[in-house]
Amino acid sequence: MEFKNAVLLLFICVLCFQLSHGAKILGIFPMPAKSHYTLGNSLMRGLAEAGHDVTMISPHNDKVPTRNGSYRNVVLTGFADSYEAAMKRANPFEKSHSNSFRYLLLFQKQITILIEKTFENPNVKELLNSDETFDIVIVEQITNEAFKYFAHHFKAHLVMFSSIAADSKINYVVANPTMISYTPLVDTDFSREMSLYQRIHNFLLYINEAIIYRYHWLPFQNTLLQKYFPGSPSMLELNYNVSLVLVNSHESIQPAIPLVPNMIPIGGFHINKPKSLPQDLQKYLDEATEGVVYASFGSSVKAKSLPNDKKEALLKTFGSVKEKVLWKWEGDEIKNLPSNVKTAKWFPQREILAHPNVKLFITQGGLLSLTETIYNGVPVLVIPIFGDQAMNAQMVISNGYGLSLPFHDPEFSDEKLTPILKELLSNPKYKDNALKRSQIFHDREMDPLQKAVYWIEYVIRHNGAPQLRVWGVNLPWYQLYSLDVIGILVTIIGLIFIFIYIIIKYLLSFITKKNSDIKYKQSKGTKKIKKN
Ligand SMILES: *[C@@H]1O[C@H](CO)[C@@H](O)[C@H](O)[C@H]1NC(C)=O
Ligand SMILES: *[C@@H]1O[C@H](CO)[C@@H](O)[C@H](O)[C@H]1NC(C)=O
C-alpha cells in the first residue's frame, strides 16, 4: 500500500514537473558594472518567474530564491574584483574620453580580455564540457561577437540584448537601418537635430566605426573564436544568425527610430514596483514640504573620487537652495556640509524618486537613471561624465524635462550651476514635461518584462522565428543600400552624357569646320576681289 502511494506520488511529481517545465534558457551577461548586471538579472529573473529554467553566466551570484521556474548562477569568479580595481585606476572624473579612434581601440582591448577570461573561466568551461543543451541563449551585445558561439554550441536559438537603444553595432546583424542623418553616434554630444557640419562629422564617425568593425574587429573575433573552439563555424556565419534583439529603449526615453520586426523595445523592464522606504528616510522625505533634490552620480563612478574644486562647486550650489538635498556620497564626512544637505553611501534610488516631495534629480545621465526618473515623472539636471551620458543629456533637453552642464565643461562652477538649478526648481515647465514623459512611459499594450518573455517564447514556438527576419540580412552592404544599383545607374547616365558630349562636340566641330570653310572661301573670294 505504502509503496503504491509512493509510486503514485512520484508519478504525480513527474507529471507536475513536466507540466510546469518551461524552456531552458542561458543568459550571458559578463559585464561587471552594476547597471549592466541589473538589466541582465532583471531579464533572466523575469524569465524564471514565468516558469523557465534559467542559467545565468555573470560576475555576480544571485541567491534570492525564485517563486516559479529556476535560476542557476554560473559565476565568473574574479570579474567583479578586477573591475573594481580597474575603476579605481581609471578615474572618469579626471579626464574626458572623447569619441576618439584610440578610445574605440582601448575599449575593444578591454572587451577582448573579458571574452578570453570568460572562455577560460572554470565554471564556464564546466558548462561547455557538459552535455547540456538550451532552447535559447541570450547574449548581451557589447562588441563581444565571439559569445554568439554559445548558441551554436548549445544548439539554441540566439537572442541578443542591447543595454542601449538600437545602435549601429547591433543594427547590421538584423539589417535594421541606422539613420545617420538623425541618429548621432553613441559617444557624441549631438542631438537628433544636427547641423550640416554635425551631420558630416557624424557621417565620418560612423564610416570610421563601420570600417574598423568590419575589417578589423570581426576578423579578430573570428581568430579568437578559432583559438578557443577550433572548427567552430565562422564568425560571419554566427553573427547573422540572430533570431531576436531585445533593446533597452522606449519612445518615452529615446527618440523614435525604425525597428525591424525582430527588434523588440523593452525599455523600463528592469523597474519593479517601489518597495517601502526605510523609516528614517520616509520621515525625512515626508517632512520636507519645501521639496527635496536627490543627487547621485550612479554606481560605476564614486563621488569620493570627485576633484576638490568640483566638489566645492557642488556643495556651494546645494547650499544656495531652500530645498533639502540628498547626496549619494561615499567619501569621508564633509566638514563644511551645508545644513540642508544630507549624505549617505547608498540611497534606495527608485523609492526616493517615487516620493512626491522629490522635485529634482541630479544625475550623470546614465540610461537607467533617466528611465527611472521618467517612470516617476521627476525633472533632471544632467551632469554627463562619460560614455553615452552626453548624448542622453541632449535627449533630456529635447524633451524639455531638464537641463545639463557637462562635468568636463571648462567653466564648471557654482556660478554656472546655481542659476541652472534654480531655474529647474522654479519653472514648472520641466515638471510638466517630466509628467508627460511619464504618461508616455506607462501607456503600453503590455508590461515590458512580460513583452520580453512573450517574444522569447514566441521564438521557441516558431523554431527561431525566421519569419521575423528581413531579407536584408542576406545581402552584402553594397546591395543592402542599393549602392551597386546607384553605381550602375550613375555609370549609365555618365556614359550617356559622355556620348551626348562627343556627338555635340563632333557636330560643333563639323559646323565650325563648314563655317570656317565658308569663311575661308569667302576670305579667298574677298582676297580675289582685293587683288582685282
Ligand atoms: C509559473 O510558470 C508557469 C509555466 O511553467 C506559468 O504558466 C505560470 O503562469 C507561472 N506563474 C507566474 C506567477 O508567473
Ligand atoms: C542558426 O540558427 C538556427 C536556429 O535559430 C540553428 O538551427 C542553426 O544551427 C544556427 N546556425 C549556426 C551556424 O549556429
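This section reports on the structure supplied with the text. These figures come from a predicted structure and were not determined experimentally.

1. Observations concerning the site of ligand 2
At step 1: Neighbouring residues of ligand 2: His152, His157, Glu237, Leu238, Asn241 and Ser243.
At step 2: His152 has a polar side-chain atom sitting 3.0 Å from an oxygen atom of ligand 2.
At step 3: Take His157: an N or O atom from its side chain is 2.8 Å from an oxygen atom of ligand 2.
At step 4: Coverage of ligand 2 by the protein amounts to 59% of the 360 Å² it exposes when considered alone.
At step 5: Residues of the shell around ligand 2, tallied by class, amount to one nonpolar, four polar and one charged.

2. Points about the environment of Arg350
At step 1: Along the polypeptide, Arg350 turns up in helix H12 (residues 349-353).
At step 2: Measuring from C-alpha to C-alpha, the distance between Arg350 and Asn272 comes to 8.8 Å, with 78 residues separating the pair along the chain.
At step 3: Apart from residues lying up to four places away in sequence, Arg350 is in contact with Thr38, His270, Ile271, Asn272, Glu372 and Asn376.
At step 4: In terms of polar contacts, Arg350 uses its side chain to reach the backbone carbonyl oxygen of His270, at 3.5 Å.

3. Some points on the packing of helix H13 (residues 367-376) against helix H16 (residues 429-442)
At step 1: Contact geometry for H13 and H16: axes closest at 6 Å, N-to-C directions at 95 degrees. Our classification of the angle between H13 and H16 gives roughly perpendicular. In contact with Thr371, Ile374, Tyr375 and Asn376 of H13, H16 contributes Arg437, Ser438, Phe441 and His442.
At step 2: Residue classes in the contact of H13 with H16 are distributed as three nonpolar, four polar and one charged.

4. Let's talk about the nonpolar core
At step 1: Ranked by internal contacts, the top residues of the largest apolar core, which has 45 residues, are Ile57, Val137 and Phe150.
At step 2: In contact with Phe150, not counting residues within four places along its chain, are Ile28, Ile57, Phe119, Val124, Leu128 and Val137.
At step 3: Counting residues in hydrophobic clusters, the runner-up holds 30 residues, among them Phe29, Tyr37, Leu39 and Val54.

5. Observations concerning the sheet that holds strand E10 (residues 341-344)
Sheet strands pair via backbone hydrogen bonds, and the direction of the pair is either parallel or antiparallel.
At step 1: With parallel pairing, the six strands of this open sheet are ordered in space as E10-E9-E8-E11-E12-E13. Two strands close off the open sheet at either side, each with one partner strand: E10 and strand E13 (402-404). Each strand of the sheet is rotated relative to its neighbour by a mean of 15 degrees, with strand direction disregarded.
At step 2: Of the strand pairs in this sheet, strand E12 (residues 380-382) and E13 are connected by three bridges, and their pairing is parallel. Residue pairing across strands places Val382 opposite Ser404, the latter belonging to E13.
At step 3: Helix H10 (residues 279-287) rests against strand E8 (292-296), strand E9 (324-328), E10 and strand E11 (358-363) of the sheet, and its axis sits at about 145 degrees to E9.
At step 4: Its contacts with the sheet place H13 against E11 and E12, and it is angled at close to 170 degrees to E11.

6. A look at the sheet that holds strand E3 (residues 70-75)
At step 1: A sheet is described by the order of its strands in space; here seven strands give the open sequence E3-E2-E1-E4-E5-E6-E7, paired in parallel fashion. With one partner strand each, in any of the chains shown, E3 and strand E7 (263-265) form the two edges of the open sheet. Adjacent strand axes in the sheet meet at a mean angle of 20 degrees when their direction is disregarded.
At step 2: Pairing geometry for strand E6 (residues 242-247) and E7, over three bridges, is parallel. Pairing of Val247 across the sheet is with Pro265, part of E7.
At step 3: The strands touched by helix H5 (residues 122-129) within the sheet are strand E1 (24-28), strand E2 (53-58) and E3, with E3 carrying the most contacts at an inclination of about 125 degrees.

7. Re H13
At step 1: Burial analysis of H13 places 10 of its 10 residues in the buried class, which makes it a mostly covered element.
At step 2: All of the buried residues along H13 are Leu367, Leu368, Ser369, Leu370, Thr371, Glu372, Thr373, Ile374, Tyr375 and Asn376.
At step 3: Positive backbone phi, at 65 degrees, marks Gly377, one or two positions downstream of H13.

8. Side note on the packing of aromatic side chains
At step 1: Evaluation of the coordinates by the stated rule reveals 24 aromatic pairs.
At step 2: When the ring of Tyr172 is compared with that of Tyr240, the centres are 6.0 Å apart and the planes differ by 80 degrees; the resulting orientation is edge-to-face. Residue Tyr172 is located in the loop between helix H7 (168-171) and helix H8 (196-228), and its partner Tyr240 is located in the loop between helix H9 (235-239) and E6; the two are separated by 68 residues in the primary sequence.
At step 3: Assessed through its relative accessible area of 22%, Tyr172 is described here as partly exposed.

9. Focus: the environment of Leu381
At step 1: Mapped onto the elements, Leu381 comes out in strand E12.
At step 2: C-alpha of Leu381 to C-alpha of Phe361: the two residues are 20 residues apart in sequence and 6.3 Å apart in space.
At step 3: Beyond its immediate stretch of four places on either side in the chain, Leu381 contacts Leu360, Phe361, Ile362, Thr363, Leu403, Ser404, Leu405, Leu417, Ile420, Leu421 and Leu424.

10. Quick word on the side chain of Arg444
At step 1: Residue placement: Arg444 occurs in the loop between H16 and helix H17 (448-461).
At step 2: Nearest to the buried, unbridged Arg444 among oppositely charged side chains is Glu445, at 6.7 Å.
At step 3: Every residue in contact with Arg444, bar those within four places of it in the chain, is listed here: His250 and Gly267.

11. Section: the side chain of His270
At step 1: Mapped onto the secondary structure, His270 falls in the loop between E7 and H10.
At step 2: Excluding residues within four positions of it along the chain, His270 makes contact with Thr38, Leu39, Ser42, Arg350, Leu368, Thr371 and Glu372.

12. Quick look at the packing of helix H11 (residues 308-319) against helix H15 (residues 414-426)
Pairs of packed helices are described in terms of their axes, by the angle between the two and the distance that separates them.
At step 1: Taken N-terminus to C-terminus, the directions of H11 and H15 make an angle of 35 degrees; their axes are 9 Å apart at the nearest point. Handedness of the H11/H15 crossing: right-handed. Facing H11, whose interface residues are Ala313, Leu314, Lys316 and Thr317, H15 presents Asp414, Leu417, Thr418 and Leu421.
At step 2: Along the lines of polarity and charge, the residues of the contact of H11 with H15 split into four nonpolar, two polar and two charged.

Rules behind the numbers
- Residues numbered from 1 in each chain as written.
- Chains lettered and ligands numbered in written order.
- Predicted model: local features only at pLDDT ≥ 70, side-chain atom pairs only at ≥ 80, totals over all residues.
- Heavy atoms only, no water.
- Near = heavy atom within 4 Å.
- Polar contact = N/O pair within 3.5 Å; in protein donor to acceptor, adjacent residues only side chain to side chain.
- Areas by Shrake-Rupley, 256 points an atom, 1.4 Å probe, with all protein chains shown as cover.
- Nonpolar A, V, L, I, M, F, W, Y, C, P; charged D, E, K, R; others polar.
- Helix = DSSP H or I, 4+ residues; strand = E, 2+ residues; numbered from the N terminus.
- Contact = heavy atoms within 4.5 Å.
- Axes fitted to C-alpha atoms, helices over the stretch in contact; angles between N-to-C directions.
- Parallel < 35°, antiparallel > 145°, perpendicular 65-115°, else oblique.
- Core = buried A, V, L, I, M, F, W, Y, C linked by side-chain atoms within 4.5 Å.
- Buried < 20%, exposed > 50% of the residue type's maximum accessible area, 1.4 Å probe, protein only.
- Pairing = 2+ DSSP bridges.
- Phe/Tyr/Trp six-rings, centres within 6.5 Å; stacked < 30°, edge-to-face > 60°.
- Lys, Arg positive; Asp, Glu negative; His and termini not counted.
- Salt bridge = Lys/Arg side-chain N within 4 Å of Asp/Glu carboxyl O.
- Left-handed = near helix turned anticlockwise from the far one by under 90°.

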